[in-house]
Amino acid sequence: MEDWKKISQMSFKEMRDMQNRKLRAFIANQIYLYSPRYSEKLRELGVDPVKVKGVDDLKHLPFTYKEDIAPTDDEPKRHKDFVVRPDEEITEKYSHLSQLSPYGGKAAVEDKKYDYKPVHIHFTTGRTAQPTPFVYSKRDVENIKEGGYRLLDVFTIGRGDVILNAFPFAPHLAFWQTFFAAEKMGLPALNSGGGKVMGTNNLLDAVEFLRPSVLVFIPGYAYYFLREAAKQGRDFSPVQKVLFGGERVPPGLKEKVRGLLIQLGAEDPLCLATYGMTEARTAWGECPSHATSYGYHTYPDLEIFETVDPETGENVGEGEEGELVYTALDWRGTCVLRYRTGDVAKEGIIYEPCPNCGRSLPRISSNLQRKSEYKEFDLTKVKGTLVNLNNFFPLMMGHQDIIEWQVEIRKRNEDPYDLDEIYLYVAPREGLDQEKFTSELKQRILRDTEVSLTGIIFKSVPELVDQLGMETEVKEKRVLDNRPDS
Amino acid sequence: MEAWNKVSKMSSDAMKSLQETLLQGMLQKEIPRHPYYARLFQEKDIDLSRIKRTGDLQQLPFTYKEDMCPSEDLMKPWEFFLEAPSDGGSPEEQKKRGGLLGGLLKKKKTLDTGTDPDLLSQLYYTGGRRATKPVPLVFTAYDIANLKEMGHRAFQMWGFTREETVINAFSYMPHISFWQQFYTTMELGSTALQTGGGRILGAEKILKALQNLEAQVLLTFPGYADFLLKSLRYFDIEIPDLETIVLGMDDASMSLVERLKLGMKNAGTSNQRIRRVYFLSEAKGGWPECAPGYGYHVHPDHALVEIVDPETGEAKGEEEPGEVVVTNLDARGTVVLRLRSGDLATGGITYRPCPNCGSNFPRILGDLDRLDYIFELSDSEEQDKFNFNRARRRLHALAELNQWYLEILKGSRGDELKLYFSPVKGLDEEEAARKAKEEIQQETRVPVSTERLSMENIIQRQGMEKKITEERISDMRPSK
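## Some details on the overall build of chain B
Of the regular secondary structure elements, chain B holds 14 helices and 21 strands. Computed over C-alpha atoms, the radius of gyration of chain B comes to 24 Å, within 12% of the 23 Å expected from 2.2 N^0.38 for 480 residues, which places it in the range of a compact globule. The C-alpha extent of chain B, read off along each of the three principal axes, is 80 × 55 × 40 Å. The 480 residues of chain B split such that 47% are buried. Excluding contacts between residues fewer than 6 apart, the proportion of contacts in chain B whose partners are at least 24 apart in sequence is 68%.

## Overview of helix α16 (residues 461–468) of chain A
Residues and elements named next belong to chain A. Buried within α16 we find L464, V465 and L468. On an axial view of α16, the arc spanned by its buried residues comes to 105°, and they lie on one face. In this structure, the buried residues of α16 make contact with α11 (219–231), β20 (402–411) and β21 (420–428).

## Things to note about the confidence of the model for chain B
Residue and element names in this part refer to chain B. Overall, the prediction assigns chain B a mean pLDDT of 90, with 92% of residues at 70 or greater. Note that pLDDT drops below 50 for residues 88–92; the model gives that stretch five contacts with residues more than four away or on any other chain. Low pLDDT (under 50) marks residues 94–114, which in the prediction has 16 contacts with non-local residues, meaning those over four places away or in another chain. For this predicted complex, the interface confidence score (ipTM) comes to 0.91, while the overall pTM stands at 0.90.

## Looking at the interface of chain A and chain B
Counting from both sides, the interface comprises 27 residues of chain A and, opposite them, 24 residues of chain B. Broken down by secondary-structure element, the contributors of at least two residues to the side of chain A that touches chain B are β2 (118–123), β5 (189–191), α9 (195–198) and α10 (200–210) of chain A. Among the elements that line the side of chain A that touches chain B, the one with the most residues is α10(A), at six residues. Of the residues contributing to the side of chain A that touches chain B, the split by class is 15 nonpolar, six polar and six charged.

## Some remarks on the sheet that holds strand β22 (residues 455–458) of chain A
The strands making up a sheet associate through hydrogen bonds between their backbones, and the pairing can be parallel or antiparallel. Residue and element names in this part refer to chain A. Taken in spatial order, the four strands make up an open sheet running β22-β21-β20-β23, and their pairing is mixed. Taken across any chain shown, the strands that pair with only one partner, and hence form the sheet edges, are β22 and β23 (479–481). Across the sheet, the axes of successive neighbouring strands diverge by a mean angle of 20°, strand direction being ignored. Bridging between β21 and β22 involves four bridges; their strand directions are parallel. Counted as the bridge partner of Y423 is G455 from β22. Contacts between α16 and the sheet are confined to β20 and β21, with β20 contributing the most and set at about 55° to the helix.

The rules behind these values
Residues numbered from 1 in each chain as written. Chains lettered and ligands numbered in written order. Predicted model: local features only at pLDDT ≥ 70, side-chain atom pairs only at ≥ 80, totals over all residues. Helix = DSSP H or I, 4+ residues; strand = E, 2+ residues; numbered from the N terminus. Rg over C-alpha atoms; globule rule 2.2 N^0.38 Å. Buried ≥ 20, exposed ≤ 12 C-beta atoms within 10 Å, placed from the backbone. Contact = placed C-beta atoms within 7 Å. Arc of directions from axis to C-beta. pLDDT = per-residue confidence, 0-100. Nonpolar A, V, L, I, M, F, W, Y, C, P; charged D, E, K, R; others polar. Pairing = 2+ DSSP bridges. Axes fitted to C-alpha atoms, helices over the stretch in contact; angles between N-to-C directions.

Spelled out as structure tokens, the structure:
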């Protein structure tokens, strides 16, 4: 990987030249030789690896979809084909010189182990397919650490800061990216494992004990956690920044969280979002600002992002809406090329230097919509209409009168062949005119999601917190599909 | 910490001398910046310069877990944290460091490399089993380096190399048990999956990981290892590559070790090795055992262990049973002196060379009893001390029992025990109940009843996949 400061100041041409150079080497020396899946695919398509000269040639390579990698009952080890690993025959053929060299020998073997031997594993969450392992070699661990360092640097977090990592513990990117980031930067941290591991009250105590300046959270849990803190009159005055990951953060939720933090004694706290994916094995952040989102600052020496038309797969221009397509650059372990993320960047990718921090890194629009859930998970045929349940998130999370919410899809009379019904459970703030609130909410939902609710069911906050599994689940359950199988 | 090879081959005299040097360093250089002890020793007018030998430690008062517990004052654990030395230090120290500029340069260097021994790195917690709340313990970069070293020593002792694939199924919490294993596998370069245990991934995913990754080593707590082995058939999973299970976080008695070996054999694993580690949070690292029955090898260059009478606090002789008391010799961040662990070493401590691995480390022998597992029971006539530790070992040894759970109840004529159990399939249920009852009644006179339940029901009661380690006993008597 390159020097972070250097790549942050490169011109577009310099950056593209670097990417072209790295991509050429990566495809020819790693992917074509050592990735079983891509090696076979490229041969099958008759793609000469030497002819992939740069980013513009990526379009000659096929897309990779989640379902290409995810294990199935028939092929439980399919993901292994995406792991870059020299087999013995190839090593014999290409590496014998280094092994025989007077400077090679044991050191050459150590280098190979450093480069290729898996030492750490993350899994996808498994919402849309079976959980898929993504492996890191020691070399990749240096990359995730560097990614974490850069993430914190973009957030202007550094020496003197103290981190409370409240991401739920799991072999998932969010928890580990935060751990590696703090480790690389040498910052004190409590890697708590979240409310499920420590319990919310112990975690509240930990904030007062450790006095962190940075809290790292899943948005839904953060809001719940800070409400509890406010209820108990806790002192969170040292908190300066809250970092979110794991799911989208609508602007309305940022405002709610910021309001609570101010109530808890924090001075002018910043709420910042990250974007990351297991397949990319690192995460990116937006540079700090209250009012404007300047987009996620990516690492051009570690990946290439394209934006494509979700339907046709054609590349779209700078700043144009498109699905993000990710290609690993200079990684080992599980590497994917032209991976269709399923995330649509509404304002695309921008290559202009960031007007806020001045870094000339490619920036992904902060306005992201999860197409993958839309297509594979939440695109639900309710009452014969295709519904994007993702649209509930910004609406409900940002709604100033709603404290907690959950959506449930059922079948009328629990008959698998009957009509679909969609209910919204909601815990509103106290003192609302329920009739007026219900009517306004139904209209807004109809306008924003094109869903006509079967009903709104009012619940108390504790009831709904329990129903969401806030303290018991790795991630709270916002959408329940309780339709019986037909 | 010292080099492993050097320490493991030290004569007992050399080891004693090393411990005394470290103890004097701790007491004279570090403790003056320890808020709790500095104040305590001043109040009690204790002159630390008079404590030269390990035997002199008895002049210091014990520390109890309750002294550190943040139940009433949230900030109390900070009193056990070594304050950073002042920037300049004493004139002598400044001179040694090359004057003020030299000191600043060194400070900058250590900060840049993250090796400042006093820089807070991680906050871990105790398991919280005795104290009302888990106690936060500060680990500095220095402590993390020691934690890695201790993990490395354990792996070396067991002959693990980076070629072993490891599934770390210790329950995730910010605790040394999980993190020591993480750092060790990462440093060594083993292929490892850090699962976070059953309450994070669940048994099926952990077993599938063992199968798909063809893992040779499983790290987990004893009850969960037993549960995983018993769940293999249910999930239709085979783990022929498994060779070693490393146990920690809870006492793994020899009866349980034997049970697990049998479980591994029945599961068709290629080898049936069990290794144990004694994790005492305040000791800031785990003490491994080279092979079952040879005792937990204490790192003598890191901690000093005394064995005392749990009632009187008097020092016990070599290999006499007593409570484990620990003093940090080489730690920063949170530091404790003479901490009463609440764990009883049934075989005491020995300084003889280990007959198995030949090292000269002090070894804690026998099964570990938890003092909070000794209950006062009363029947209609008299008071009775019920040592659940022993009852637990007896029940673990019963091949007829699949899972079990014990409740202490208040009956009309005094206290009673109720055993919930699920027998092993195909074995006589009544015979299992009779034997279990007999075993418990070896330890108490109060009435014992039994009830058969499904394995799922008992697992739920134990909190097997909900808690850090499972609970086998619950005191249901109304609190006085």
